[in-house]
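Fold and contact review
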Number of protein chains: 2
Amino acid sequence: MPKSPIADPNEDYPRWYQDVIAKAGLAENGPVRGTMVIRPYGYAIWERIQADIDRRIKAAGADNVYFPLFIPESYLQREAEHVEGFSPELAVVTHAGGKDLTEPVVVRPTSETVFGEQMAKWVNSYRDLPLLLNQWANVVRWEMRPRLFLRTSEFLWQEGHTVHADAEDAAAYALRIHHDVYRDFLVDTLALPVLLGRKTAEERFAGAINTMTCEGITRDRKALQLATSHELGQNFARAFDITYTDEGGTVQTAWTTSWGASTRLVGGLIMGHGDARGLRLPPRIAPTQVAIVVVRDEDGAVDAARQLGDAIAATGARVQVDADTHTGFGRRATDWELKGVPLRIDLGPRDLAEGQATVVRRDTGEKLPIPLGEVPGRIEPLLNEIQAAMLGEATDFRESATTDVASIDEALEAGREGVGRIDWAKLGPEGERRLLDDGVSVRCIQRPDGTVPATEDEPNLQAIVARAY
Amino acid sequence: MPKSPIADPNEDYPRWYQDVIAKAGLAENGPVRGTMVIRPYGYAIWERIQADIDRRIKAAGADNVYFPLFIPESYLQREAEHVEGFSPELAVVTHAGGKDLTEPVVVRPTSETVFGEQMAKWVNSYRDLPLLLNQWANVVRWEMRPRLFLRTSEFLWQEGHTVHADAEDAAAYALRIHHDVYRDFLVDTLALPVLLGRKTAEERFAGAINTMTCEGITRDRKALQLATSHELGQNFARAFDITYTDEGGTVQTAWTTSWGASTRLVGGLIMGHGDARGLRLPPRIAPTQVAIVVVRDEDGAVDAARQLGDAIAATGARVQVDADTHTGFGRRATDWELKGVPLRIDLGPRDLAEGQATVVRRDTGEKLPIPLGEVPGRIEPLLNEIQAAMLGEATDFRESATTDVASIDEALEAGREGVGRIDWAKLGPEGERRLLDDGVSVRCIQRPDGTVPATEDEPNLQAIVARAY
């Protein structure tokens with residue numbers, strides 16, 4: 001057995017994570033501390049994530065726009081909680097165009113303030129509402145403990161910003177985005193069985209009255225916040241004077257929401273599905289779904305691989321032919337595993353002589369000998385099977401990592417080892433602070449059926465507690 | 001005749017440009033001087049530009065990546081011409097995460113340096129070449145005289161960065177991008193008959209040994225640089241130590257290129273096709289190709305419009321139904337003109353009674369009465385006709401704005417009024433400097449057939465001179 005190119009995840013999970021990112025060619029550190037260079041394979045995954053989320057956002061009626069990177073420092077100060085939350089992480093431009101600036105500008109850590117300022121100009125009448133906007137952009141939050149994809153000083157994301165006539169409409173839209181965009185994308189495309197719920201007051205976005213979250217569970221049994229949708233109440237509308245004239249002619253203060261998901265999703269994918277052999281990509285997000293690996297350049301193997309590749313591509317699958325036979329087969333097979341490609345098809349001289357191919361499932365490692373002519377027709381069903389199996393397996397893993405507990409002490413123990421589930425009434429804000437002292441946080445509060453409660457005061461709510469990235 | 005919502009372009013072109021951007025809802029100024037807020041309609045155009053260029057870049061074999069926004073100040077200093085060219089425009093972060101930085105970081109004005117540093121690590125052997133990368137990103141160049149889309153302190157663009165084994169391969173690739181990506185996109189999609197050529201030494205990118213340009217001609221007879229592709233020689237490879245071992249085992253210094261096109265393209269589209277009624281969009285780039293305008297909500301007009309819309313959408317055209325009848329028809333028709341939608345279909349009670357629609361071409365203003373049932377089948381041919389007609393008209397305009405001249409004095413006069421074309425041998429670097437003193441620059445040097453010369457020393461080259469944005 002050759003030495004694995006990556007660390008054993010059971011022995012050193014952080015090291016395994018770094019190794020996968022490096023060896024699969026996803027990303028590396030940039031020269032300025034905390035920044036990240038996203039390499040072609042990592043960016044190809046991100047492009048597919050972007051396209052899928054973008055389609056869902058447009059289906060929810062929001063329009064894309066682009067707002068400036070630079071925000072006047074004074075804007076952030078207009079919403080008290082917001083400036084307090086973000087001040088420690090700001091990057092500030094003090095010098096530009098060869099001169100010191102009269103008013104320093106901050107590099108956006110998020111854009112509620114600059115959207116607020118502009119949306120106030122665009123909203124005049126109830127007819128202008130709802131105003132539903134989104135942007136794809138880079139943001140900067142200076143990180144003391146950076147980690148590739150999970151926590152970088154600069155990251156890529158989409159941030160939605162909307163204005164509504166009343167609290168109900170704002171709440172309904174924030175929930176719609178949380179469910180129809182984020183939850184559906186995470187479950188259906190990334191095969192990540194996320195936990196849904198509200199954040200506690202302690203964990204809310206700075207300036208929000210309600211933050212809804214999708215929490216992933218990593219293979220080292222921690223929680224990872226993957227997407228959030230915020231009701232901002234009238235906090236930003238008041239700070240930026242977003243008002244409108246209602247049908248009766250009265251001037252009203254509007255209600256706003258914001259919501260975002262970032263390149264952290266790539267980290268969630270790695271930690272949600274990866275195993276000792278590297279990345280495992282669900283077929284719907286995999287840039288390459290099928291790799292055809294020519295074992296040796298003999299007996300027309302390369303031509304046969306190309307023909308098979310064309311036949312598979314014609315079924316709509318994303319296929320790549322690896323005819324790079326000056327590198328050994330074993331090394332290449334390991335590389336495709338590392339990159340998490342869902343199906344590998346090994347084409348060796350013996351396979352060709354027997355008129356068959358060996359199709360290898362990345363998720364289970366299963367090897368299926370299939371007659372060559374039948375391979376193209378089997379690809380789509382197999383990819384669908386893998387997509388479903390990966391969600392099923394991740395769901396089983398999550399359940400196995402979750403313990404129902406009845407006391408604060410038990411919750412602390414469960415949260416240290418994995419995921420704890422406890423009546424929110426039994427834990428409460430006081431219990432939450434006790435857990436926090438030991439590095440365990442309330443990831444979300446949810447109904448017994450796993451849906452998002454409308455308020456923290458509904459009966460029978462449960463708290464999900466865990467350590468978090 | 002109601003007062004036009006925009007200035008007369010023949011009287012005040014800069015004002016007309018601003019008015020079109022504001023009234024068509026393309027963009028507005030951001031709060032920090034020189035920055036831009038791109039509104040939904042402007043961003044929808046940019047998204048289509050991006051998708052088209054991205055497809056062409058991928059077809060040319062380059063992979064997308066993402067590099068950091070922040071670059072150590074010291075990186076820029078490694079290439080002498082580069083730092084000299086960009087220093088006056090830099091924005092500098094001196095403070096981040098609550099502390100003064102030990103080494104200030106610059107916000108990227110372009111990314112040759114940070115790509116250079118990383119590519120040096122990725123290139124080891126001739127087998128790693130060519131290395132073909134591209135990124136879509138925001139960049140910052142502090143602008144003293146900002147103008148929306150044309151010249152903003154922050155703009156969006158793509159920047160390609162490639163490494164090659166020798167000068168020939170680098171030159172061929174830079175030319176391929178210039179022609180197959182930029183020229184083809186500008187001519188075939190934006191219907192802009194750009195002039196192609198090399199920049200003179202005076203006008204080259206800071207650090208390049210050759211800059212190739214696509215120059216658009218605006219309706220006020222100036223030149224607008226729309227995309228450039230640079231051979232960087234070994235300047236950056238030397239500065240960042242990009243070397244490789246060749247087949248014979250010898251270490252060689254590599255050759256690099258870079259190339260970019262930005263949100264300035266939206267400005268080029270406005271100035272290349274706009275008229276007294278506003279924007280005119282070539283069908284291939286128009287987010288909405290057909291607007292069906294319900295004149296009055298009578299006799300089932302709205303239903304008829306929706307049915308027609310569905311039938312047109314089924315042909316593959318991008319169609320929008322305007323049933324916003326509480327706003328007057330005249331105002332809405334003017335708005336669709338302002339937005340430059342290629343075809344407007346007016347559906348009034350009389351049209352419906354007669355079983356026909358009035359199809360209005362935005363490019364010519366022509367009104368075509370067409371029997372309702374025939375409309376869907378006519379859309380695609382009409383859109384193709386408009387696309388070709390707009391390129392033809394812009395080409396005629398460019399030719400009418402161009403004067404062939406034989407002396408430096410004549411070149412100066414021609415360049416002040418429009419475009420001058422003169423033997424490069426007659427003008428030369430000395431003549432170029434004389435023109436520059438009067439605000440006229442050499443936009444490019446080209447062969448008599450309009451193609452790009454391999455060197456400045458080919459015989460019979462002509463210089464294109466004009467004032468420029």
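Just so it is clear, the structure is predicted and the values come from calculations on it, not from any experiment. (Residues numbered from 1 in each chain as written. Chains lettered and ligands numbered in written order. Predicted model: local features only at pLDDT ≥ 70, side-chain atom pairs only at ≥ 80, totals over all residues. Heavy atoms only, no water.)

What to know about the overall build of chain A
- Each helix and strand in chain A was counted, giving 14 helices and 23 strands.
- Whereas a compact globule of 469 residues would reach a radius of gyration of roughly 23 Å, chain A reaches 25 Å, a difference of no more than 12%.
- Summarising its shape, the C-alpha atoms of chain A cover approximately 80 × 55 × 45 Å along the three principal directions.
- Taken across its 469 residues, chain A has 59% of its residues classed as buried.
- Taking the contacts inside chain A whose residues are at least 6 apart along the sequence as the reference set, 67% of them involve residues at least 24 apart.
- Put simply, chain A shows about 18300 Å² of open surface, and 45% of that area lies on carbon and sulfur atoms. (Helix = DSSP H or I, 4+ residues; strand = E, 2+ residues; numbered from the N terminus. Rg over C-alpha atoms; globule rule 2.2 N^0.38 Å. Buried < 20%, exposed > 50% of the residue type's maximum accessible area, 1.4 Å probe, protein only. Contact = heavy atoms within 4.5 Å. Areas by Shrake-Rupley, 256 points an atom, 1.4 Å probe, with all protein chains shown as cover.)

Topic: the sheet that holds strand E4 (residues 70-72) of chain A
- If you trace the six strands from one edge of the open sheet to the other, you get E4(A)-E6(A)-E5(A)-E5(B)-E6(B)-E4(B), paired in antiparallel fashion. Both outer strands of the open sheet, E4 of chain A together with strand E4 (70-72) of chain B, are each paired with one neighbouring strand and no more. Each strand axis lies, on average, 45 degrees off the axis of its neighbour in the sheet, ignoring direction.
- Relative to strand E6 (residues 99-107) of chain B, strand E5 (residues 91-96) of chain B runs antiparallel, the two sharing four bridges. By the bridge assignment for E6(B), B:Val92 is matched with B:Val106. (Pairing = 2+ DSSP bridges. Axes fitted to C-alpha atoms, helices over the stretch in contact; angles between N-to-C directions.)

Considerations on the sheet that holds strand E17 (residues 343-347) of chain A
All names here are of chain A.
- Strand order in the open sheet formed by five strands is E16-E15-E17-E18-E19, and the pairing between neighbours is mixed. A single partner strand is all that each edge strand has here, and the edge strands are strand E16 (319-322) and strand E19 (367-371). Looking at each pair of strands side by side, their axes are set apart by 25 degrees on average, direction ignored.
- Direction of pairing for E17 relative to strand E18 (residues 356-361): antiparallel, over a ladder of four bridges. When the sheet's bridge partners are listed, Asp 346 is paired in E18 with Thr 358.
- With respect to the sheet, helix H9 (residues 301-313) is in contact with strand E15 (290-294), E16 and E17, its orientation differing from that of E15 by roughly 170 degrees.

Here we look at the pattern of salt bridges
- On inspection of all chains with the given rule, the structure shows 59 salt bridges over all chains.
- Of the charged contacts, one joins B:Arg151 and B:Glu143 as a salt bridge, the two residues approaching to 3.9 Å between their closest N and O atoms.
- The class of B:Glu143 is buried, set by a relative accessible area of 14%.
- Sharing partners across several salt bridges, the network here consists of A:Arg277, A:Glu337, A:Arg344 and A:Asp346. (Salt bridge = Lys/Arg side-chain N within 4 Å of Asp/Glu carboxyl O.)

Examining the packing of aromatic side chains
Residues and elements named next belong to chain A.
- Counting across every chain of the model gives 18 aromatic pairs over all chains.
- Judged by centre distance (3.7 Å) and plane angle (15 degrees), the rings of Phe 67 and Phe 115 are stacked. Taken together, the residues span a long stretch of sequence, with Phe 67 in the loop between strand E3 (63-64) and E4 and Phe 115 in helix H5 (residues 112-122) at a distance of 48 residues.
- Centroid distance Tyr 173 to Trp 259: 6.4 Å. Interplanar angle 55 degrees. Geometry classified as tilted. Highlighted residues: Tyr 173 in helix H6 (residues 167-189) and Trp 259 in strand E14 (residues 255-262), separated in sequence by 86 residues. (Phe/Tyr/Trp six-rings, centres within 6.5 Å; stacked < 30°, edge-to-face > 60°.)

Some remarks on the interface of chain B and chain A
- Listed per partner, the contact involves 53 residues of chain B and 54 residues of chain A.
- Overall, the association of chain B and chain A removes approximately 4100 Å² of surface from exposure, summing both partners, and the carbon and sulfur fraction of that is 64%.
- Area buried by chain B at its contact with chain A is led by B:Pro31, B:Tyr66 and B:Phe70, which between them contribute 15% of it.
- Between chain B and chain A we count two salt bridges in total.
- Between B:Lys58 and A:Glu47 there is a salt bridge, with its nearest N and O atoms 3.2 Å apart.
- Counting residues per element, the side of chain B that touches chain A draws most heavily on E5(B), at six residues.
- Class assignment for the residues of the side of chain B that touches chain A results in 32 nonpolar, eleven polar and ten charged.
- Of the pairings in the sheet, the one linking strand E5 (residues 91-96) of chain A to E5(B) comprises five bridges and is antiparallel in character. (Buried area = accessible area lost by both parts, 1.4 Å probe. Nonpolar A, V, L, I, M, F, W, Y, C, P; charged D, E, K, R; others polar.)

Section: the pairing of strand E16 (residues 319-322) of chain B
Residues and elements named next belong to chain B.
- Bridge count between strand E15 (residues 290-294) and E16: four bridges; the pairing is parallel. Bridged to Ile 292 within E16 is Val 321.
- Between E15 and its parallel partner E16, the chain crosses via helix H9 (residues 301-313), and the hand of that crossover is right-handed. (Right-handed = clockwise from strand over helix to strand, strands pointing away.)

As for the side chain of A:His82
- Turning to its location among the elements, A:His82 is positioned in helix H4 (residues 80-86).
- Leaving out residues up to four positions away in the same chain, A:His82 has contacts with A:Thr110, A:Glu112, A:Thr113, A:Phe205, A:Ala206, A:Gly207 and A:Phe236.

A word on the state of the cysteines
All names here are of chain A.
- The tally for this structure, following the rule as stated, stands at zero disulfides over all chains.
- Between Cys 214, a free cysteine, and Cys 444, which holds the nearest cysteine sulfur, the sulfur-to-sulfur gap is 9.2 Å.
- Accessibility expressed as a relative area gives 0% for Cys 444, which makes it buried. (Disulfide = S-S within 2.5 Å.)

What about the packing of H9(B) against helix H12 (residues 375-400) of chain B?
Residue and element names in this part refer to chain B.
- At a minimum axis distance of 9 Å, the contact between H9 and H12 shows a crossing angle of 50 degrees. With respect to H12, the axis of H9 lies oblique. Crossing handedness for the pair H9 and H12: right-handed. Along its contact with H9, which presents Leu 308, Ala 311 and Ile 312, the element H12 presents Val 375, Pro 376 and Ile 379.
- Of the residues belonging to the contact of H9 with H12, the class tally is six nonpolar, no polar and no charged. (Parallel < 35°, antiparallel > 145°, perpendicular 65-115°, else oblique. Left-handed = near helix turned anticlockwise from the far one by under 90°.)

What to know about the relation of the copies chain B and chain A
- Relative to chain A, chain B is turned by 180 degrees and slid 0.0 Å along the rotation axis, the superposed coordinates differing by an RMSD of 0.0 Å. Expressed as a symmetry operation, the mapping of one chain copy onto the other fits a two-fold axis. Residue B:Val93 of chain B places its C-alpha closer to the rotation axis than any other residue of that unit, at 2.1 Å.
- The share of interface residues of chain B whose copies in chain A are also at the interface is 100%, consistent with both copies meeting through the same surface. (Least-squares fit on C-alpha atoms with pLDDT ≥ 70 in both.)

Quick word on the confidence of the model for chain A
- Summarising the model, chain A shows a mean pLDDT of 96, and 100% of its residues fall at 70 or more.
- On the interface metric, ipTM, the complex scores 0.97, and its pTM is 0.97. (pLDDT = per-residue confidence, 0-100.)

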